[in-house]
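# Examination of the molecular architecture
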Amino acid sequence: MSRRMPALQAFIDDLRAIWASEPDMGARMERARPLMETLVRNRELQARSADWPSTEGRKNLLLYVDEEHEFAINAVVRVPGRKGSVHDHAHAWVLYGVLDGTESLERYERIDDRSREDFAQVRMTSVSMGTPGKVDLVPPFDIHAEQGGPTRSVAMILRSTKLGSITQRQYDPVTGEVRPGPGPTQIPFELTG
Ligand SMILES: [Fe+2]
């Protein structure tokens, strides 16, 4: 079996130690955040990502799933100017860090009375520039969008559980339509090194 890239293996080992010693998922993700910041500043990983395949068509590269603790490590590769949907990640916690290029990270709040399942009014509350080294923590059910920048961009993602078969919601900020559906298609991707 080929050896995993050392920087990725070290990240996994550190995450496993956190998950083993800290039961609260929010606290785990807060402790994982500086590790993720270090990972996405790793020059070798940034260089390696230059030839990763595009994930257009709602795909994620799947680098790792922890069989004991359930957390998953993904990557996304966006084409220049990619329009991202407004969505949530259901009950999953997510750390999102740009590895290469830039992205706009938008956050939204829901302003209707939540009386309907199929309708939601959402309003953008902030937009921040995602640059290599910046990591965004997205709690469960938080509504947000990631927009591509002027060049190809790559991001690393740590999720508390693998998405794909879990129902997530997309929100249309114009019509208010709420569309439940499966998450991104998971494409197994080995990073050896
Ligand atoms: Fe997201």
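The following paragraphs examine the structure supplied in this document. Along each chain, the written sequence defines residue order, and numbers are assigned to residues from 1. For this predicted model, a pLDDT threshold of at least 70 governs which residues receive local features, and a threshold of 80 or more governs which side-chain atom pairs are given and counted, while totals over whole chains, interfaces and linings are taken from all residues.

### Regarding the overall build of the protein chain
To qualify as a helix, a DSSP run of H or I must reach at least 4 residues; to qualify as a strand, a run of E must reach at least 2; elements of each kind are numbered from the N terminus. Scanning the protein chain for helices and strands turns up three helices and 12 strands. The quantity called the radius of gyration is restricted to C-alpha atoms. Its globule counterpart is 2.2 Å times the number of residues to the power 0.38. Computed over C-alpha atoms, the radius of gyration of the protein chain comes to 16 Å, within 12% of the 16 Å expected from 2.2 N^0.38 for 193 residues, which places it in the range of a compact globule. Its C-alpha atoms give the protein chain principal-axis dimensions of about 50 × 40 × 25 Å. Three exposure classes are used, based on other C-beta atoms lying within 10 Å of a residue's own C-beta, which is placed from the backbone: buried for 20 or more, exposed for 12 or fewer, and partly exposed in between. Here the protein chain holds 193 residues, and 32% of them are scored as buried.

### Quick word on the environment of Pro184
Among the secondary structure elements, Pro184 is positioned in the loop between β11 (178-182) and β12 (185-188). The exposure class assigned to Pro184 is partly exposed, which follows from the 18 C-beta atoms found within 10 Å. Pro184 sits 77 residues away from Arg107 along the chain, and the two C-alpha atoms are 19 Å apart. Contact definition: two residues whose C-beta atoms, as placed from backbone geometry, lie within 7 Å. Discounting chain neighbours no more than four positions away, the residues touching Pro184 are Arg58, Lys59, Asn60, Leu163 and Gly164.

### With respect to the packing of helix α1 (residues 6-21) against helix α2 (residues 25-40)
The axes are straight lines fitted to the C-alpha atoms, using for helices just the contacting stretch, and the angles between their N-to-C directions are given from 0 to 180°. At a closest axis distance of 10 Å, the pairing of α1 and α2 adopts a crossing angle of 170°. Comparing their axes, α2 and α1 come out roughly antiparallel. In contact with Ala7, Phe11, Asp14, Leu15, Ile18 and Trp19 of α1, α2 contributes Arg28, Arg31, Ala32, Leu35 and Leu39. Roughly parallel refers to an angle under 35 degrees, roughly antiparallel to one over 145, roughly perpendicular to one between 65 and 115, and oblique to any angle outside these ranges.

### What to know about the nonpolar core
Generally speaking, soluble globular proteins have nonpolar side chains that are buried together. Core analysis: the biggest nonpolar cluster contains 34 residues, and Met36, Ala75, Leu95, Ala155, Met156 and Ile157 have the highest contact counts within it. Contributions of two or more residues to this core are made by α1, α2, β1 (59-65), β2 (72-78), β4 (94-100), β7 (135-138) and β9 (153-159). Not counting chain neighbours up to four residues away, the residues in contact with Ala155 comprise Ala75, Val76, Tyr96, Gly97, Val98, Leu99 and Glu103. Put simply, a nonpolar core is buried Ala, Val, Leu, Ile, Met, Phe, Trp, Tyr and Cys residues tied into one set by C-beta atoms within 7 Å.

### A short note on the sheet that holds β9
Spatial strand order, β7-β4-β9-β2-β1-β12: six strands in an open sheet with mixed pairing. Either end of the sheet is taken by a strand with one partner, and the two such strands are β7 and β12. If you compare each strand with its neighbour and ignore which way they point, the axes differ by 30° on average. DSSP-based pairing: two strands are paired if at least 2 bridges between them are found. When β4 meets β9, the two strands line up antiparallel, connected through six bridges. Directly across from Leu95, in β9, lies its bridge partner Leu158. Seen against the sheet, α2 touches β4, β7 and β9 and runs at an angle of roughly 10° to β4.

### Observations concerning α1
Under the 1.5 Å per step criterion, the end-to-end length of α1 is 23 Å for 16 residues, consistent within 8% with the ideal 22 Å. If you check which residues of α1 are buried, you get Leu8, Phe11 and Leu15. An end-on view of α1 places all buried positions within 60° of arc, on one side of the element. Opposite the buried face of α1, by more than 90 degrees, sit the exposed residues Pro6, Asp13, Ala17, Ala20 and Ser21. Contacts from the buried residues of α1 go to α2 and β1. Multiplying 1.5 Å by the helix residue count minus one yields the expected span of that helix. This arc describes the spread of directions from the helix axis toward the C-beta atoms.

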